[in-house]
Each structure stands twice: as C-alpha cells, then as structure tokens.
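Analysis of the macromolecular model
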Amino acid sequence: MDSIAEFRRRQGKLLVLTGAGISAESGVPTFRGQEGYWKVGSQDYHPMEMATHQAFAAMPEEVWAWYLYRRAVCLNAAPNAGHRAIASMEAHLQDRFLLVTQNVDGLHLRGGSSEERTFQIHGNIHYMRCDDGSPELTPIPEYFGADWAKGRALSAVERDTLSCPACPGLARPHVLWFDESYDEPLFRFESSLRAASESDLLLVIGTTGSTNLPLQIGEMFARRGCPIIVINPEPNPFTEFAASCAGGLFLEGTAGEHLPRLLGRLID
Ligand code: APR
C-alpha cells in the first residue's frame, strides 16, 4: 500500500512527531548522540542530573546557568530545511495537521509552525514560569543572550532578574524534567493522545523514542494499524512500529535530506 497516495486520496489527518534529530542540522546537539547533552558531562555533575527538579531545588543557580547556556545554543541556531518543510505541511493541510515536538529549542516556531498546532510536550527553553505548577509563561529576560557561555556562573543581580513575577521565589525554566510528569495545561498530554487517536498518518523524525508520550503515540498508531513513516539515520522503536503496519516506511537518512522530498509527495 502506498500510504502517502492513500493519505492524499482520503484527505487524511497528519500527525508529525519530532525529536532532537530535526534540529541537529541547525547545529543543536542531540541528547544521546556522540556529542549529545546527556553524554558530555563535567567533573561536577552528570548532565542528566541537571534536568531534574531535585537538582533545581538543591542548586538553582547552577541549573539556571546550564539552561541559559543551552538556550544560547538555540539562539545561535536557525531553522533548517526540515523545520521549514514541516511548516509548509501545516500551511497546506491546516486543520488536517498537528505537530508534537519534544524539542524545547523553539526552532519549529521560528521556522513557521504555528503555536496553535505545535504541542511542545517538553516545554520551551525560551520561557520561565512559577515553580508552583501554574501555567503562565514569561519570556526569559532579553538580558540573557546568545553569548551566555558554558560554565558561566549567575551573579546575584542576574539571579534577581529571574525572579518569579507571581511569587517571591525564583522562576524556573519551562521544561519538563526527568522527575516530573506530563500534564495537559503545560504539556498538552491528553490533547496529544487525542490527536494520535484521530490522525491517519504518523510521521516521526529524529527521535530515539526514549520518552513515554512519544512511545504511547507510536504504540497507538501501531495498534490502530495506521501507517507510520520514520525519518532517521538509524533504526529505533518507531521503525519497528512502522514495520508492523501496512504502508509503514523507514526513510533512512537525515531530516534535511528527506523532509523537503516528502513534502513534495504529500502536497501538490
Ligand atoms: N536527521 C534526523 N534524525 C537525526 C539527525 C538528522 N540530521 N541526526 C541525528 N538524528 C537522530 C538520531 O539518530 C537519534 O535517533 O535523532 C535522534 C536523537 O535522539 P535523542 O538524542 O535521544 O533525542 P530525542 O529522541 O529527542 O530525546 C527525547 O529525551 O532526555 C529527553 O527531554 C529530552 O526531549 C528529549 C527526549
């Protein structure tokens, strides 16, 4: 079965799921690749420990400094052909399109995807919020720029700049940490699962499938027997889901290589 021809014929709904791999060609490191964020540590900490609420509670300045550095990497990056191809898919398909991204880098939005149809299920590194769980987001102050160097410490004045606008405490980065759970108000958990149950074609790009919600989405498609197309330089759990359903495809290679071509096939 040609799942793309079938999708076009039936005017189906497309769900796109992305991970760090789509931003690799923009120069943002992945997490589990050779130079990935979870691989390159320091003498003081293992990087995965930094991405926990426990670390934030124990050493908030260090955690903030690390996120300001990661944010600077994102500010120095520009959306690539893959991000732009996905934005074009949305522009053509409109309410037949939804993007679920694990990326906090904001590159999809800068590449033309709309906030309305982009569920950022792990947050967005350009925002901060109150640590009490309320969903109001505040942009990170402009003072913190693209030149924030790795390892730079926060001064007391800089720490004050990151005060919570809603309470006397320190704000926190708007990201989902390892010791936290998905929810609807901040991370669109139920909406993402609903979209997965209502879509006809799943396109998965640049993720190892190491987190819970993306895997649930893949499993749901496989259970429903709906086609999955995977773009990745190497196989992963999603390629197995894709192989299990009629019309599934594994396009081995990079996002920048395959997405513009796929756009041409999905849309006239
Ligand atoms: N194009 C497409 N895929 C690529 C490219 C590329 N140019 N370069 C690398 N990849 C693939 C890798 O082969 C790998 O499968 O991208 C994937 C990146 O995987 P991870 O580093 O595990 O990133 P991701 O899957 O997004 O991680 C999920 O884990 O720690 C959490 O919150 C973090 O959102 C992150 C989540």
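Above this note sits the structure.
Everything in this summary refers to the structure shown in the same document. (Residues numbered from 1 in each chain as written. Predicted model: local features only at pLDDT ≥ 70, side-chain atom pairs only at ≥ 80, totals over all residues. Heavy atoms only, no water.)

**Section: the overall build of the chain**
As a reminder, the rule being used: Secondary structure elements follow DSSP: runs of H or I of four or more residues count as helices, runs of E of two or more count as strands, with numbering from the N terminus. Radius of gyration: over C-alpha atoms. The globule rule applied is 2.2 Å multiplied by the number of residues raised to the 0.38 power. Burial classes: relative accessible area under 20% of the type maximum marks a residue as buried, over 50% as exposed, and values in between as partly exposed (1.4 Å probe, protein chains only). We call two residues in contact whenever any of their non-hydrogen atoms come within 4.5 Å of each other. Calculation of accessible area relied on Shrake-Rupley with a 1.4 Å probe; when residues are assessed, cover is drawn exclusively from the protein chains displayed. The charge count treats Lys and Arg as positive and Asp and Glu as negative. His and the chain ends do not count. By convention, charge coordinates are those of NZ in Lys, CZ in Arg, CG in Asp, or CD in Glu.
Regarding its fold elements, the chain presents 13 helices and nine strands. The C-alpha radius of gyration of the chain comes to 19 Å, within 12% of the 18 Å expected for a compact globule of 268 residues. Over its C-alpha atoms, taken along the principal directions, the chain stretches across nearly 60 × 35 × 30 Å. Looking at the chain residue by residue over its 268 residues, the buried ones come to 53%. Relative to all contacts within the chain whose residues are 6 or more apart in sequence, the contacts with residues 24 or more apart total 64%. A total accessible area of about 12200 Å² is found for the chain, and carbon and sulfur atoms account for 50% of it. Averaging the locations of the 23 positively and 33 negatively charged side chains of the chain gives two centres separated by 6 Å.

**So, the pattern of salt bridges**
Quick note on the threshold: Salt bridges are identified by distance alone: a Lys or Arg side-chain nitrogen within 4 Å of an Asp or Glu carboxyl oxygen.
Enumeration over the complete set of coordinates arrives at seven salt bridges. The partner of glutamate 180 in a salt bridge is arginine 172, and the shortest N-O contact between them spans 2.6 Å. Residue class for glutamate 180 comes out partly exposed when judged on its relative accessible area of 26%. Within the structure, one salt-bridge network assembled from shared partners comprises Asp131, Arg172 and Glu180.

**So, the state of the cysteines**
Definition in use: Only a pair of cysteine sulfur atoms within 2.5 Å counts as a disulfide in this structure description.
Per the counting criterion, the structure on display carries zero disulfides. In this structure cysteine 164 is a free cysteine whose sulfur lies 3.7 Å from that of cysteine 130, the closest cysteine sulfur available. Cysteine 164 gets classed as buried once you look at its relative accessible area, which sits at 6%. Here cysteine 226 is not cross-linked by a disulfide; its sulfur's nearest cysteine counterpart is in cysteine 245, at 7.9 Å.

**Looking at the sheet that holds strand β6 (residues 172-175)**
Note the threshold: Paired strands are those between which DSSP finds at least two bridges. An axis is simply a line fitted to the C-alpha atoms; with a helix, the fit covers only the stretch in contact. Between two such axes, the angle follows the N-to-C directions and lies from 0 to 180 degrees.
Read across the open sheet, the three strands follow the order β5-β4-β6; overall the sheet is antiparallel. Here the strands that pair on one side only, and so sit at the sheet edges, are β5 (137-139) and β6. Shown here is a sheet whose adjacent strand axes are inclined to one another by a mean of 55°, direction ignored. Pairing analysis gives three bridges linking strand β4 (residues 123-129) to β6, with the strands arranged antiparallel. Its bridge partner being in β6, methionine 128 is matched across the sheet by proline 173.

**Some details on the nonpolar core**
Filter applied, for reference: For this analysis, a nonpolar core means a set of buried residues of the types Ala, Val, Leu, Ile, Met, Phe, Trp, Tyr and Cys, connected via side-chain atoms within 4.5 Å.
Counting 29 residues, the largest nonpolar core has Trp64, Tyr67, Leu68, Trp148 and Leu162 as its most contacted members. Elements with a contribution of two residues or more to this core: α4 (53-58), α5 (60-75) and β4. Per element, the largest residue contribution to this core is 10 residues, and it comes from α5. Residues contacting leucine 162, with those up to four places away along its chain left out, are Trp64, Leu68, Met128, Pro141, Phe144, Leu154, Leu170 and Ala171. Counting 27 residues, the second largest nonpolar core, distinct from the first, contains Leu15, Ile121, Ala195 and Ile217.

**As for the packing of aromatic side chains**
Which entries qualify depends on this criterion: Two aromatic rings from Phe, Tyr or Trp, using only the six-membered ring of Trp, form a pair when their centres are within 6.5 Å; if the ring planes differ by under 30 degrees the pair is stacked, by over 60 it is edge-to-face, and anything between is tilted. Either the NZ atom of lysine or the CZ atom of arginine qualifies as a charge over a ring when it sits within 6 Å of the ring centre and within 35 degrees of the ring normal.
Taken as a whole and judged by the stated rule, the model has seven aromatic pairs. Taken together, a centroid distance of 5.4 Å and an interplanar angle of 35° make the contact between phenylalanine 56 and tryptophan 177 tilted. On the criterion of sequence distance, the pair formed by phenylalanine 56 in helix α4 and tryptophan 177 in the loop between β6 and α9 (184-187) is long-range, its members being 121 residues apart. Here phenylalanine 56 matches tryptophan 177 in class, with each residue buried. With 6.2 Å between their ring centres and 50° between their planes, tyrosine 67 and tryptophan 177 make a pair best called tilted. One end of the pair, tyrosine 67, is in helix α5; the other, tryptophan 177, is in the loop between β6 and α9, and 110 residues separate them in sequence. Linked through ring pairs, Phe56, Trp66, Tyr67 and Trp177 together constitute an aromatic cluster. Note that arginine 172 overlies the ring of tryptophan 177, its terminal NZ or CZ placed 4.0 Å from the centroid. When the ring centre of phenylalanine 119 is taken as reference, the NZ or CZ atom of arginine 188 above it lies at 4.1 Å.

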